[in-house]
Amino acid sequence: MAAVDAVLTPLQLGFLQRGMLEAVLIGVLCGIIGTYVVLRRMAFLGDAMAHAVFPGIVIAFLLRVDLLLGGLAFGILTALGIGTVSQNRRVSADSAIGVLFVGAFALGVVLISSIRSYVRDLASILLGDILGVTAQDVGLTMAVGCLVLAAVFLFHKELSLVSFDRDMADAMGLPVAALDIGLLVLLSLVVIVSIQAVGTILVLAMLITPAATARLLTERLVPTMVIAAAVGALSGVAGLYASYYLNVASGGAIVLVATAFFFLAWLFAPRYGLVGRRLRRSLPGVVHGAVGRLP
Amino acid sequence: MAELSFLSSRPRGPAVEFSDVAVAYNDYVAVQDVTAALHPGTIVGLLGPNGAGKTTLLRALVGVLPVAHGTIRIHDTAPREAWHHLSYLPQQEEVNWDFPVSVFDVALMGRVRALGWLSLPRAEDRRRAERALGRVGMEDFAARQVGQLSRGQRQRVLLARALVQDGDVVILDEPLAGVDTTTQEAVIGLLHELRDQGALVLMSTHDLAVAADVCDQLLCLNRRLIASGPTRTVFVPDVLRATYGSTLAIFSEGVAIHDGRR
């Protein structure tokens, strides 16, 4: 009964209920969008996005307008800026990303330093405050979630073709640039709602770690998304419990749980884990037939 | 066969027309002075050394690159409006092979544009993908992740996807580069089938022996069009020397290219 109480007691607290719901929503969203970020090798761009939306959030905070709008505006501006700046062939795309995201982040720091409660506000944006989310925040995350799920589901075949073989998608006459920008807009929306929970610095982990974990467990796109979403949601819930009972920072605890999931998969994934591969190498005859042919 | 639906309305004129075409990347003109008309029911080989502009010209033809000068027409329409005429095999290096899709998924991707937005593949689309995999001998691999395949097998999967596109202008970028003998034979067999069904097949290749053997016509390219016409008139030492420069050695029994790779 003690174990059941330990699980149920925190759920009677309103702020923890909201925190749990928010953690599950963000885990699912980051897992799904993160799958594309990982498969298209956009980890650096994901990090850039997390930093680029920062000044937008600060400006929205200063002007008392919607944080989502401010962040989204800066996310899109930075995405377009990266495309424009890297038109100059002496500036590679990753240099352009590096220049613009740190530049945007510095703008955010300069702006926020003009506020008197500077240190506390900066810390809450950098590290997140999932236990401070309001019912309105949760509603916003739900709305973003519905939009992202609908877009990923409705444009599944186009997004997977453009991610697998961009040239072919282009040759077929699909609007590849619009699809790329659409994916970036979805990414920036997810990043913005996640920043409230886990902060600018840790949001990258929520995008990458669950999807990279799923990548070790399956060879199909939709199962990768489902597993990544499940790992993200589980990490959110387990991390919040850990944070409640050990009295440590919630964002950090969530990310640490996700990191633990990743290393479990890295070691023990049946086909691609370290242990599995070692076993197969030492017992080639036996396991080869059982697991199936491998290259 | 449902795949041959284009036969009933086969247009009469040239399938592809290049008129004084130049293609450039930024300020660098990769290829220019290309004028040629290619007709249905032929296999056309695109020859030239590395850096001659073969891939560039093919990418302009499928509408991925804009032309800097001149026009390209596919059945008298602009490349970007002619997607339904095209079957395309890009080079393998452009493809993200780690992407978690199966062989069957990739074949089915040939239907993405024909299906249109917001619609899911139906039983008929799945049958097309299965048939195409059968034609390239990959039906037993349908459930495999594409990244686990050999280079030759990957080539056959991409070819199956091109077949699923069901175009009558079949554009193949180096279909025989680095593939095993089984794949080479499968590809060449398919080229003949497609030609006999009335398609225009345009393929770039490094392999002069295959080009001489398989192609009805040749386009010889070296940053500009050097020669074009029936294989027997174009495949002669003078033209080949003009195309490949001093990298070409001509022996009594055949031809070899020295481009530093072999």
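What counts as what
- Residues numbered from 1 in each chain as written.
- Chains lettered and ligands numbered in written order.
- Predicted model: local features only at pLDDT ≥ 70, side-chain atom pairs only at ≥ 80, totals over all residues.
- Helix = DSSP H or I, 4+ residues; strand = E, 2+ residues; numbered from the N terminus.
- Buried ≥ 20, exposed ≤ 12 C-beta atoms within 10 Å, placed from the backbone.
- Contact = placed C-beta atoms within 7 Å.
- Nonpolar A, V, L, I, M, F, W, Y, C, P; charged D, E, K, R; others polar.
- Pairing = 2+ DSSP bridges.
- Axes fitted to C-alpha atoms, helices over the stretch in contact; angles between N-to-C directions.
- Right-handed = clockwise from strand over helix to strand, strands pointing away.
- Core = buried A, V, L, I, M, F, W, Y, C linked by C-beta atoms within 7 Å.
- Expected span 1.5 Å × (residues − 1).
- Arc of directions from axis to C-beta.
- pLDDT = per-residue confidence, 0-100.

Peer 1: Quick question: what am I supposed to make of the overall build of chain B here?
Peer 2: Counting its regular elements, chain B contains 9 helices and 11 strands. For chain B, the proportion of its 262 residues judged to be buried stands at 45%. Long-range contacts, defined here as pairs at least 24 residues apart, represent 68% of the contacts in chain B between residues at least 6 apart.

Peer 1: How do you make sense of the interface of chain A and chain B when you look at a structure like this?
Peer 2: Where interface size is given, it is often the accessible area lost as the parts come together that is meant. Contacts between chain A and chain B engage 23 residues on the former and 22 residues on the latter. Of all the secondary-structure elements, those providing two or more residues to the side of chain A that touches chain B are α8 (156–164), α9 (166–171) and α11 (221–246) of chain A. With 6 residues, α8(A) is the single largest residue contributor to the side of chain A that touches chain B. Looking at the side of chain A that touches chain B residue by residue, the class counts come to 10 nonpolar, 5 polar and 8 charged.

Peer 1: I tried to follow the environment of L218(B) on my own but got confused; where do I start?
Peer 2: All names here are of chain B. With respect to the element layout, L218 can be found in strand β8 (residues 217–221). A C-alpha to C-alpha distance of 6.3 Å links L218 and P230, two positions 12 residues apart in sequence. Apart from the residues within four sequence positions on either side, L218 is in contact with G45, L47, A211, S228, T231, V234 and F235.

Peer 1: I'm lost on helix α1 (residues 54–61) of chain B in this one. Help?
Peer 2: In terms of burial, α1(B) is largely enclosed, as 8 of its 8 residues are buried. Backbone geometry just downstream of α1(B) places G63(B) in the positive-phi region, at approximately 90°.

Peer 1: Would you explain the sheet that holds strand β6 (residues 169–173) of chain B in this entry?
Peer 2: The strands making up a sheet associate through backbone hydrogen bonding, with each pair oriented either parallel or antiparallel. Residues and elements named next belong to chain B. Ordered in space as β5-β6-β7-β3-β8-β9, the 6 strands form an open sheet in which the pairing is mixed. The open sheet has two edge strands, β5 (86–89) and β9 (225–230), and neither has a second partner. Neighbour-to-neighbour, the strand axes of this sheet turn through a mean angle of 10°, independent of strand direction. Helix α5 (residues 151–165) contacts β5 and β6 of the sheet and is inclined by roughly 175° relative to β5. The strands touched by helix α6 (residues 181–196) within the sheet are β3 (43–47), β6 and β7 (200–204), with β7 carrying the most contacts at an inclination of about 150°.

Peer 1: I would appreciate a short explanation of the pairing of β6(B) in the present structure.
Peer 2: Sheet faces and side chains relate simply in a regular strand, where the side chains alternate between the two faces. All names here are of chain B. Of all 5 residues in β6, 5 are buried, a share of seventy percent or more. Along β6, one buried face is formed by V169, I171 and D173 and the opposite face, lined by V170 and L172, is buried too. Sheet analysis places β5 next to β6, joined by 4 bridges and oriented parallel. Pairing of Y88 across the sheet is with I171, part of β6. Bridge count for β6 against β7 is 5 bridges, and the pairing is parallel. In the sheet register, L172 faces β7, and the bridge partner there is M203. Read from β6 through α6 to β7, the crossover connection turns out right-handed.

Peer 1: Even after reading the chapter, I still don't get the environment of R90(A), so can you show me in this structure?
Peer 2: All names here are of chain A. Note on placement: R90 falls in the loop between α4 (67–85) and α5 (93–112). A count of 6 C-beta atoms within 10 Å places R90 in the exposed class. In this structure the C-alpha to C-alpha distance between R90 and I227, which are 137 residues apart in sequence, comes to 40 Å.

Peer 1: Honestly, the nonpolar core in this entry has me stumped. Any pointers?
Peer 2: Soluble globular proteins: nonpolar side chains tend toward being buried together. Counting residues in each nonpolar core, the largest one holds 170 residues, and the members touching the most others are I33(A), V190(A), A107(B) and V201(B). Examining the composition of this core, we find that 22 residues originate from one element, helix α10 (residues 176–215) of chain A, more than from any other. Residues in contact with A107(B), not counting those within four places in the same chain, are A129(B), A132(B), L133(B), V157(B), A160(B), R161(B) and V164(B).

Peer 1: Is there a simple way to think about unusual backbone geometry in this case?
Peer 2: Trans peptide bonds make up most of the peptide bonds, and negative phi angles are found at most residues other than glycine. Residue and element names in this part refer to chain A. In this structure, R64 is a non-glycine residue whose phi angle is positive, near 55°. Within the element layout of this structure, R64 appears in the loop between α3 (43–63) and α4. For N247, which is not glycine, the phi dihedral falls at a positive 55°. By the secondary structure assignment, N247 is in the loop between α11 and α12 (250–268).

Peer 1: Just checking my understanding: could you explain helix α4 (residues 123–135) of chain B for this structure?
Peer 2: Along an α-helix, residues three or four apart share an orientation, since each turn contains 3.6 residues. All names here are of chain B. Given a rise of 1.5 Å per residue, 13 residues ought to cover 18 Å, and the 18 Å separating the end C-alpha atoms of α4 matches this to within 8%. Within α4, burial applies to R128, A129, A132 and L133. Axial view of α4: buried residues confined to an arc of 130°, hence all on one face. Turned more than 90 degrees away from the buried face of α4 sit A123, E124 and R127, all of them exposed.

Peer 1: Explain the confidence of the model for chain A here, please?
Peer 2: Low pLDDT marks stretches whose predicted atomic positions should not be read closely. The predicted model of chain A averages 86 in pLDDT, with 95% of residues at 70 or higher. Counting contacts from residues 286–295 of chain A, a segment whose pLDDT is below 50, to residues more than four positions away or on other chains yields 6 contacts.

Peer 1: Could you clarify how one ought to interpret the environment of V255(A) in this entry?
Peer 2: Residues and elements named next belong to chain A. Mapped onto the secondary structure, V255 falls in helix α12. Residue classification places V255 among the buried residues on the basis of 24 C-beta atoms within 10 Å. For V255 and A211, which are 44 residues apart along the polypeptide, the C-alpha to C-alpha distance reads 13 Å. In this view, V255 contacts V198, L202, A205 and M206; residues no more than four positions away in its chain are not counted.

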